Each structure stands twice: as structure tokens, then as C-alpha cells.
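Residues per chain are reported as follows:
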Amino acid sequence: MIPFNIPPYIGTEPDFLKEAIENRKICGDGPFTKKCHAWIEDRFGAQKALLTTSGTTALEMAALLAGLKAGDEVLLPSFTFSSTATAVVLTGATPVFVDIRPDTMNIDEQKLEAAITPRTRAIMAVHYAGVGCEMDTILDIARRHSLIVIEDAAQGVMSTYKGRALGTIGDLGCYSFHETKNYSMGEGGALLIRDDKYNEPAEILREKGTNRARFFRGQVDKYTWVDYGSSYLPSDLNAAYLWAQLCEADRINESRLAVWKAYDDAFRPLAEDGEGRIDVPHIPAECVHNAHMYYLKLRDLADRTAFIAHMKERGVSCVFHYVPLHSSPAGERFGRMAGKDEYTTRESDRLVRLPMYYGMADADRDRVIEAAMDYLKR
Ligand SMILES: *Cc1c(COP(=O)(O)O)cnc(C)c1O
């Protein structure tokens, strides 16, 4: 069976893990965490990066730093992972779901303004499949309505929009280093901060509400409890694993892009032959993506279900997502849809993801293509 995902593994991870253990510094903010922070800041031009225990907790930090509270509303797509919405719900604010664009599956920037009310405080831009949202339009709307922009760039590490790294464009950006993402530390993530006014509040929030970071910089002579906080910093063991991957970030990116391109060369002709058998991902001219995902869109739910069964029979594991949040039990309880669900449900019903991981063998990739073609051409 060709798996849907294999967590990225470079080969140097055990060496760095051993080093972390021998450093006798396995708690948070050790040497490997610091290296990862510096790498992310340098490579992506981020003012500040802080590793977190997950993409989910990076989103929670962003929601708390944005000062969201009960009664506030946050605009986000319904077609996303639950974490985008749980971060909002944690603060007591209300997730207000906006329809997606059918071409990129990202939030439809043209439908945002109609969803704004006097209670709206923030927009969460989820860069689906590592393909950037229409950020200039979103930033312009945010500026005119004094809204904070949080990027859920969980899938967008190494992607850009108009040359800027995803995660560095909005006020706050969130990465995930879960094992299903392009770069991994098992469980982990990062918060990226654009305006340095958030630096100290973020450090306090991440370090159990203490001013420990200032203490370590010698800015105060003892550290103490100063505000609300939690523990959002990962062990240096996890950071050591991530460090191995960041050192080879380009190699991982190129490997994934090669698989993506082979899929695209095979399937795009079927999307563009005028018969409309399938749709394939659309990459806007402003965007450079990171091959986080390759998906096909079948005719409808029944077609997709049959496709997945066919692929399974042929030894290929394909998956779909997401149940639109506005129609999920928690989404119905905590949030609401703004405007019409024109594309969210329809397009999510059609979408299926093909196996995609670092180091995928050419022969396996070709088997995926062959099995899919046998279905699509019959
Ligand atoms: C993976 C993912 C998350 C959550 O990241 P974790 O590291 O698994 O907590 C959030 N949002 C999106 C869009 C994701 O794909």
C-alpha cells in the first residue's frame, strides 16, 4: 500500500537529538530552539519567530495576543482545520465563516467586506495547500476596518506571495511542524510576529505569564509572574529534530515540488481539455507554493467516494478533508456562516488528496498516476 503521508526524515535527526541530550538542555528555548528561531527569521525575513508546541497553540497565542474576547467576531473560512476556529473560541470570540474561492480553496476576499460588522476584530487567512490568499486585498480591507490579520500558514512554510514569505505578511503568522506538514518536529509550530509591540507580550504568554525572557536577557534582575500565560514552548529535543529538517529545507522542498509537478503534468491536461472531468489546483501568478499538497476535484461526492475506493483497491491511500466547520457540531454551536455557502460544501465534497511526501519513490508516484488515470479515463 502506498501511504498517504510519510513523516519527513533526513537522516541527521538522531545526531542532533543526541547532541540535545548531551547538552543537558532538553527543556524549551535551548540551543536548537534558538537556531530554529534565527533560521526562520533570517530565511523568511520575519521580525520575530517563536517555536510553539503545535500549529494549534501558535494560533491560540495569536488569538490571545490579538486581544480577542467574548462578543468579538473573527472572519475565517469554513473550509479549514478545526484549530483555526478553536483558537477563536478559546478567547470567547465568535468565528464567522466566509465562503471560499473555488479556484484556490482560500477565503474569498471579495466576500469579506459583506461579512464585517461593528464587532469584527480580525481576519484569519488560511493559506490552503501552501498557496497564498489574496493578501494585498485582505490587508487593504483590514486597514480600512482596523482589523488584525492572522495568517494560518500551517501548510505554507517556504511559500511566498509577491515574494514575501507566507506567515510574515499579516500581523501574526502561524506555522505547523506536525508530522503531516512539509517540515516536522513531531508536534510543533511557530508564531511569527511582524510588529515588535507583540514581542514581549508573546514571550510572557509563552512562558507561563512570567517575564523570564527579559530576565535571561539581563533586563530585569529577577523574574516573576506578570500576566496571563501558559506553556507554549516545545522541548529542545523536538527543536533538534526540526533543525535537521531546516538545514535541508531546500532539498525537502525540491523533492516535494518534483512529485507535485509529475502529478500536475499528468492530470492538468484532463482539467484543461474542455471536457471538465476533473479540476486541479490553481496557483495564482503572485504565489510560489511549497508542494504541500496535490489534490484533484472529482465531479461530486459520489464520484470522489468511488475514486477513493478504486485507489484503495489499487494499493493507494488517498484522503479527503475538511467537513466544513459551519456544518460541524461545534461550528453550529460556536459560530455562524456569513452570506451564502456557494462553494465551501460543494468544492470540499469534490476534493481528494493524493499521496505526497518527501523522498517519494518515482515508481510509487507513477503507480499513483497510473491508478488514477485508469479511473479517470474509463
Ligand atoms: C495542520 C494545521 C493546523 C494545526 O497544526 P498542528 O501543528 O497540527 O496543531 C492548523 N491549521 C491548518 C490549516 C493546518 O493544516
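This is a predicted model, so every value here is computed, not measured.

Undergrad: Lay out the sheet that holds strand S10 (residues 287–288) in plain terms, naming residues and giving numbers.
TA: One open sheet accounts for three strands, arranged S7-S6-S10; its pairing is antiparallel. Looking along the sheet, the strands with just one partner apiece sit at the ends: strand S7 (164–165) and S10. In this sheet, S7 lies alongside strand S6 (residues 160–161) in antiparallel orientation, the contact comprising two bridges. Note on S7: the bridge partner recorded for Tyr-161 is Arg-164.

Undergrad: Give a description of the side chain of His-289 that names residues and reports values.
TA: Relative to the helices and strands, His-289 resides in the loop between S10 and strand S11 (295–297). There is a polar contact of 3.0 Å between the side chain of His-289 and the backbone nitrogen of Ala-291. With residues up to four places along the chain from it excluded, the contact list for His-289 reads Gly-130, Val-131, Ser-159, Leu-257, Trp-260 and Ile-283.

Undergrad: Summarise the packing of helix H1 (residues 13–22) against helix H8 (residues 236–247); cite the residues concerned and give the values.
TA: Viewed as axis vectors pointing N to C, H1 and H8 meet at an angle of 145°, and their least axial separation amounts to 8 Å. Crossing geometry of H1 relative to H8 is assigned as right-handed. Contact with H1, carried on its side by Glu-13, Phe-16, Leu-17, Ala-20 and Ile-21, involves Asp-236, Leu-237, Ala-240, Tyr-241, Trp-243, Ala-244 and Gln-245 of H8 and no other residues of that element. Tallied by class, residues from the contact of H1 with H8 come to nine nonpolar, one polar and two charged.

Undergrad: Account for the sheet that holds strand S2 (residues 73–77), with residues named and values stated.
TA: With mixed pairing, the eight strands of this open sheet are ordered in space as S1-S9-S8-S5-S4-S2-S3-S12. Whereas interior strands pair on both sides, the edge strands pair on one side only; in this sheet they are strand S1 (48–52) and strand S12 (336–337). Both S1 and strand S9 (residues 189–193) contribute to a ladder of five bridges, which runs antiparallel. What sits directly across from Leu-50, in S9, is Leu-191. Relative to strand S8 (residues 172–176), helix H3 (residues 55–65) is tilted by about 165°, and along the sheet it contacts S1, strand S4 (120–126), strand S5 (148–152), S8 and S9. Relative to the sheet, helix H4 (residues 82–90) contacts S2, strand S3 (94–98), S4 and S5, its axis offset from that of S3 by approximately 145°.

Undergrad: Help me get a handle on the environment of Pro-281, residues and values and all.
TA: Relative to the helices and strands, Pro-281 is located in the loop between helix H9 (249–272) and S10. C-alpha of Pro-281 to C-alpha of Asp-349: the two residues are 68 residues apart in sequence and 15 Å apart in space. If we ignore the near neighbours within four places in the chain, the residues touching Pro-281 are Trp-260, Arg-268, Tyr-294 and Tyr-295.

Undergrad: Summarise the pairing of S9; cite the residues concerned and give the values.
TA: Most of S9 sits out of view: five of its five residues are buried. Going residue by residue along S9, you find Gly-189, Leu-191 and Ile-193 tucked away on one face and Ala-190 and Leu-192 tucked away on the opposite face as well. Where S8 meets S9, five bridges bridge the pair, whose relative direction is antiparallel. Paired with Tyr-175 across the strands is Ala-190, a residue of S9.

Undergrad: Before we move on, could you go through helix H6 (residues 199–206) and cite the residues and values that matter?
TA: Where burial is concerned, most of H6 is hidden: six out of the eight residues are buried. Of the surrounding elements, those touching the buried residues of H6 are helix H2 (31–44), S1, H3, S9 and helix H7 (212–216). Residue Lys-208 follows H6 closely and has a positive phi angle near 55°.

Undergrad: How would you summarise the side chain of Asp-108 if you had to cite specific residues and measurements?
TA: With respect to the helices and strands, Asp-108 occurs in the loop between S3 and S4. Of the side chains with opposite charge, Lys-111 lies nearest to the buried Asp-108, which makes no salt bridge, at 4.2 Å. Polar contacts involving the side chain of Asp-108 include one to the main-chain amide nitrogen of Gln-110, which spans 2.8 Å. With residues up to four places along the chain from it excluded, the contact list for Asp-108 reads Val-98, Asp-99, Ile-100 and Arg-101.

Undergrad: Lay out the site of the ligand in plain terms, naming residues and giving numbers.
TA: Near the ligand lie 16 residues; those nearest to it are Gly-55, Thr-56, Asp-152, Ser-176 and Lys-181. Separating an oxygen atom of the ligand from a side-chain N or O atom of Thr-56 is a distance of 2.5 Å. Contact distances for the ligand include 2.8 Å between an oxygen atom and a side-chain N or O atom of Gln-155. Contact with the protein chains removes 93% of the 380 Å² of surface that the ligand exposes when unbound. Here the element with the most residues in the shell around the ligand is H3; it accounts for three residues. Each residue belonging to the shell around the ligand can be placed in one class, and the counts come to five nonpolar, nine polar and two charged.

Undergrad: If you had to explain H9 to someone new, which residues and values would you point to?
TA: For an α-helix the count is 3.6 residues per turn, leaving residues at separations of three or four pointing the same way. Its 24 residues give H9 an end-to-end C-alpha distance of 32 Å, which sits within 8% of 34 Å, the value for a rise of 1.5 Å per residue. In the stretch just after H9, Gly-274 is the one whose phi turns positive, near 85°.

Undergrad: An account of the pattern of salt bridges is requested, with residue identities and associated values reported.
TA: Working definition: two side chains of opposite charge can pair if their charged atoms are close together. Scanning all chains against the criterion turns up 33 salt bridges. Residue Lys-111 is joined to Glu-342 by a salt bridge in which the shortest nitrogen-to-oxygen separation is 3.0 Å. Separated by 231 residues along the polypeptide, Lys-111 in the loop between S3 and S4 and Glu-342 in the loop between S12 and helix H12 (344–350) bring together distant segments of the chain. Classification of Lys-111 by relative accessible area gives partly exposed; the value is 25%. Owing to a relative accessible area of 37%, Glu-342 belongs among the partly exposed residues under this scheme. Asp-265 is paired through a salt bridge with Lys-261; the nearest N and O atoms lie 2.9 Å apart. Here Lys-261 and Asp-265 lie together in helix H9, a separation of four residues that amounts to about one turn.

About the criteria used
Residues numbered from 1 in each chain as written. Predicted model: local features only at pLDDT ≥ 70, side-chain atom pairs only at ≥ 80, totals over all residues. Heavy atoms only, no water. Pairing = 2+ DSSP bridges. Helix = DSSP H or I, 4+ residues; strand = E, 2+ residues; numbered from the N terminus. Polar contact = N/O pair within 3.5 Å; in protein donor to acceptor, adjacent residues only side chain to side chain. Contact = heavy atoms within 4.5 Å. Axes fitted to C-alpha atoms, helices over the stretch in contact; angles between N-to-C directions. Left-handed = near helix turned anticlockwise from the far one by under 90°. Nonpolar A, V, L, I, M, F, W, Y, C, P; charged D, E, K, R; others polar. Buried < 20%, exposed > 50% of the residue type's maximum accessible area, 1.4 Å probe, protein only. Lys, Arg positive; Asp, Glu negative; His and termini not counted. Salt bridge = Lys/Arg side-chain N within 4 Å of Asp/Glu carboxyl O. Near = heavy atom within 4 Å. Areas by Shrake-Rupley, 256 points an atom, 1.4 Å probe, with all protein chains shown as cover. Expected span 1.5 Å × (residues − 1).

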